[in-house]
Amino acid sequence: MKSEHEKYRNRIDLLQGTLDMLILQSLQWGPQHGYGVSQALRARSGEVLQVETGSLYPALHRMERQKWIAAEWRQTEQNQRARFYKITAEGRRQLATDRSKWNTMVAAIASILEA
Amino acid sequence: MTRFSRRKRDLDEEIEAHRRMAVAERIARGESEPEARAAAERAMGNLPLVKDVTREQWGWIWLERLGQDFRYAVRQMRRSPGFAITAIGTLALGIGAAAAMFTVVDHALLRPLPYKDAARLVTLEEEGPGAKNVWNAVWVDIAQWRSASRSFEDIAFSSGMRGRTFLQGNSAALQVDGQEVSPNLFAMLGAKTALGRGFIAEQPSFGAVKNAGGIVLSNAAWHDAFGGDRNIIGRVARVNDEPWTVIGVMPPGFRFPQSFRGAPVGPLVWVPVHLGDKDTGRDYKSDHYNVIARLRRGVKIEAARAEMATIQKQVAAQYEDPEERVDHSLLDVERYGDSLIDADVKKALLALLAASGVLWLIASVNVTNLLLARSMARQREIAMRGALGASRGRVMQQMIVEGLVISGCAAVLGVGLALGAISLTKSVAPINLNVDFSTHLDLTILAALCGLTLLSAVLSSAWPALMAVRAPIEPALKQGGQQAGSGRRHNRLRSGLVAVEVAMSLTLLVACGLLLRTIYTLRHVPLGYRTDHIVVANLSIPSWRYVNKSVNATLYQPLLERAQHLHGVQAAGLISEVPLGKTFNIMLTLRMNGNNISAALKTATPDVQRIFGMKMLAGRFFSNDDTPISQGVAVVNPAFAAEYAPNKHDPSSLLGMTVWNLREGMPARIIGVLDNERQKTVAEPSQPEVEVCLCQITPASGIYQPSTIAMDLAVRTDRSPSQMIPELRDLLRQASPELANSRFSTMDQIVEDSFGSQRLAAHLLEVFGSAALLLCVAGLYGLLAYVVSQRTRELGVRIALGAQRGNLLWLVMRQAGVMLLVGVFIGLGLALASGRLVRGFLYGVKAHDGWTLAGAALLLFASGMLAAWLPARRAARVNPMEALRAE
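Residues numbered from 1 in each chain as written. Chains lettered and ligands numbered in written order. Predicted model: local features only at pLDDT ≥ 70, side-chain atom pairs only at ≥ 80, totals over all residues.

> Account for the packing of helix α18 (residues 551–564) of chain B against helix α22 (residues 721–735) of chain B, naming residues and giving values.
All names here are of chain B. The contact between α18 and α22 brings their axes to 11 Å, and the two run at 150°. Taken together, the axes of α18 and α22 lie roughly antiparallel to each other. Our pair here, α18 against α22, has a crossing hand that is right-handed. Between α18 and α22, the contacting residues are L555, P558, L559, R562 and A563 on the first element and L728, L731 and A735 on the second. Here the contact of α18 with α22 is built from residues that sort into 7 nonpolar, no polar and 1 charged. (Axes fitted to C-alpha atoms, helices over the stretch in contact; angles between N-to-C directions. Helix = DSSP H or I, 4+ residues; strand = E, 2+ residues; numbered from the N terminus. Parallel < 35°, antiparallel > 145°, perpendicular 65-115°, else oblique. Left-handed = near helix turned anticlockwise from the far one by under 90°. Contact = placed C-beta atoms within 7 Å. Nonpolar A, V, L, I, M, F, W, Y, C, P; charged D, E, K, R; others polar.)

> Go over the nonpolar core, please, and point to the residues and values.
Residues and elements named next belong to chain B. The biggest cluster of nonpolar side chains holds 181 residues, and the ones touching the most others in it are L359, L508, A634 and A772. Looking at this core, the element that brings in the most residues is helix α24 (residues 756–790), giving 18 residues. Each of domain 3 (343–523 + 756–886) and domain 4 (540–741) gives at least three residues to this core. Within the second largest apolar cluster, 57 residues are counted, among which are W145, F226, L268 and Y336. (Core = buried A, V, L, I, M, F, W, Y, C linked by C-beta atoms within 7 Å. Buried ≥ 20, exposed ≤ 12 C-beta atoms within 10 Å, placed from the backbone. Domains from an automatic or database assignment.)

> Now, about the packing of helix α2 (residues 18–28) of chain A against helix α4 (residues 53–65) of chain A: what can you tell me, with residues and values included?
Residues and elements named next belong to chain A. Put simply, α2 and α4 touch, their axes get as near as 10 Å, and they point 75° apart. When the axis of α2 is compared with that of α4, the two are roughly perpendicular. Only S55, A59, L60 and M63 of α4 make contact with α2, whose side of the interface consists of L19, D20 and I23. Along the lines of polarity and charge, the residues of the contact of α2 with α4 split into 5 nonpolar, 1 polar and 1 charged.

> Before we move on, could you go through the interface of chain A and chain B and cite the residues and values that matter?
It is common to give the size of an interface as the accessible area that goes away when the parts come together. Residue-level contacts link 20 residues of chain A with 18 residues of chain B. Those elements that place two or more of their residues in the side of chain A that touches chain B are α1 (2–15), α3 (34–44), α4 and β3 (81–87) of chain A. Here the element with the most residues in the side of chain A that touches chain B is α4(A); it accounts for 7 residues. Residues belonging to the side of chain A that touches chain B are distributed by class as follows: 5 nonpolar, 8 polar and 7 charged.

> Could you give an account of the pairing of strand β3 (residues 152–160) of chain B, naming the residues involved and the relevant values?
Residue and element names in this part refer to chain B. With 6 bridges joining them, β3 and strand β10 (residues 290–295) adopt antiparallel strand pairing. Bridge pairing in β10 places D154 opposite R294. Judged from the 3 bridges that link them, β3 and strand β5 (residues 173–181) form a sheet pairing that is antiparallel. The residue bridging G160 from the neighbouring strand is Q179, located in β5. (Pairing = 2+ DSSP bridges.)

Okay, structure coming up:
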């Protein structure tokens, strides 16, 4: 049990930053609930990124605490009560920083690989 | 529902919504319901665990980190127990001393008195310019204050019953403190009875009779005399044979007057003042009262002082005697709480509190030094953690938690030390100081203790932590920190701290030295009488048994006779108050040669001279030839002679003069001048004093009956007091049962007790001073030992290159010498500056006494050098081969 717990934790650590950026980006398109976020990421990545529940929800709740996103209960179109997240101004700033860092890193890695 | 459980339910719902949506979508895509459900659950994984990990994001994580840090700190302490013990012991000493002193000061100075809104209670006393004489007030004056003043809600008054007061209860008579109180007093204090109606609040006046004949008992008096009988109300209680009806019993802890803040409560009784003929005048025949008043809400004491100053001018104008008019011209309005503590004791306690604070600072500095040393040793570990991504704040938090754990342990240990110290102080504190050293810890103390602990932790660990995290990571990792360049800066810092410790210790040592010299000087003041081998009993005389009887014939003569025949008794005598006894003081205004003179009056038996070995400046002492029917005789002291002798340089010029009428037609002539100087305190010469022969005092000797108010039995004996006292007590019990309660002491002890606040301060400063010295030496040793171990390689290289071992010894000693000299230099400055604080306690020595300063400095320097010698010798013995190999 203990080791499984660690596994989940490690997975968040591993994805941290990147996952945050992806979630924030998906919320740019409009308020969404957790399931919606995971479906959107899967669809937009061409079914490549499968965000685990065990990573998604800790990330959402952490970002909520950091005030990057805000949550409220709402009804879905299918009349299902769900917790909807929307990005805050602070979240947008964070997203911008994350993106520029990401671009720098991608460029750096690319230049190494192409050297 | 708590916030936490609501959020928990929210999360459950959120995850459940996720599951439902996933299932619904799969069904919409055409999967069967069981299939869809299984697939969705598989995809979502271990849901409880998902929730668990999510909940961790909610911010309780800092608590968990704190837990980690705590566990880590405990592990660290277990790994180096020597360090932990030193640090905890040092801090515990500091915290314990400060907590103990704070407890005492809190009890003595800070607690509000146990009355309703006690801050508004004030005392009113008449006095002359310069406050030389302070007077209780007569009713006529009080009445005038009551009608003229606007500052007070109410003015009440009280006076102690004359002579000794005995409450005759179910069994033996109990000596009590009896007070006559104005009928509005208890209501003014806001005091309620535990049983009975108590006094009916009534404004004092000549017609006030609502409470006549009623008596109120304190809880202790009720328990001790009547066994706590709940049916006591309405019963008759006899006080000195006079019957009173019990109308109330006060709750435990109630006391009026307060003898001293928080001092133990003895049995008390209160009866109403009956205003009568004795309350119509302003002369010595009138009753004089202690006056206590309650300020109106919002009225400042300064305003009351200003108002009363004006009123008192009119009051004083009505005194006929011009001298008395001056003597009553001012009115002292003081808070009741402030009036209870001796200014001397207050200063002593505050100075000692400051001293304990200094000791605590020294301890904190010492622990800071220890932690600095350790943070140096752990530099590599800290650098490694930094390299692995730990933030500076995180590392600092962890080190401060370590400091907190150490301080927490120290606080627990410190409380133990404080309790021990207080009970020790209790046995050391002189009886007449009467400070309450009760040892229960309450909220104030605990709060103060927590504050001290936190402050200690922050003081001692924040700095080292800051130093540690600010050190650059790279060199520490590269070189292992051992010989790193930042070590030099660290060492300079630590040397500075040791110097500060030395300076503060020196301040304490100087204060301690000054008080020890004071005590020494006091012990060697020529008293003018012997104090060895004298047992003294302060007699608890049942005065009421001897009203209109000759107490001499019925009590004293037989008592002396039997005491003299006890085994081992060389002489037994009676005197109103033995020198320095502080039990009894009556000032009389006498007529001599047509002048008013003022002197204390005492009475004694002839043997007193032999017991105390008193010498005469002129004339003779009483002898057995002085009898009730022979010529009246009196003896005076040198202060009397200096003040009133016709020829100031010749005491014998007083002989033959008449000072007092023993009774109508029996004048007392001065037959001798004693050669003793120290009657009230060792530090100061006596006030003028007249002694008369006990056998010549009879019931006819007028209003003043010194023989039944106070009497000390003094016995010169070869046997030890512990053997003598029980025998004397038996003898007293046989004479009258109440006398068995007499207080016994020895003359040596009485002298010792008279040093009062000086002795208390000296004893505590001995403890503080030696603790400071110890800490300081330990700090110095610790630093040098550390420096030597750090420089092993350098020392090895020096030897390998041909340095003499003596040079290395000198190298370390020089470093110690510099620290000590700097510390001593600063310390001397501090000691001179703080001299003001102790000046009031000193006798025969100045606050900037060169010998004491030099002695303390030398002691500190020598102990410091001794502590430095051990590491220095180790440095000199470094084996170059081993030292170089060790790297």
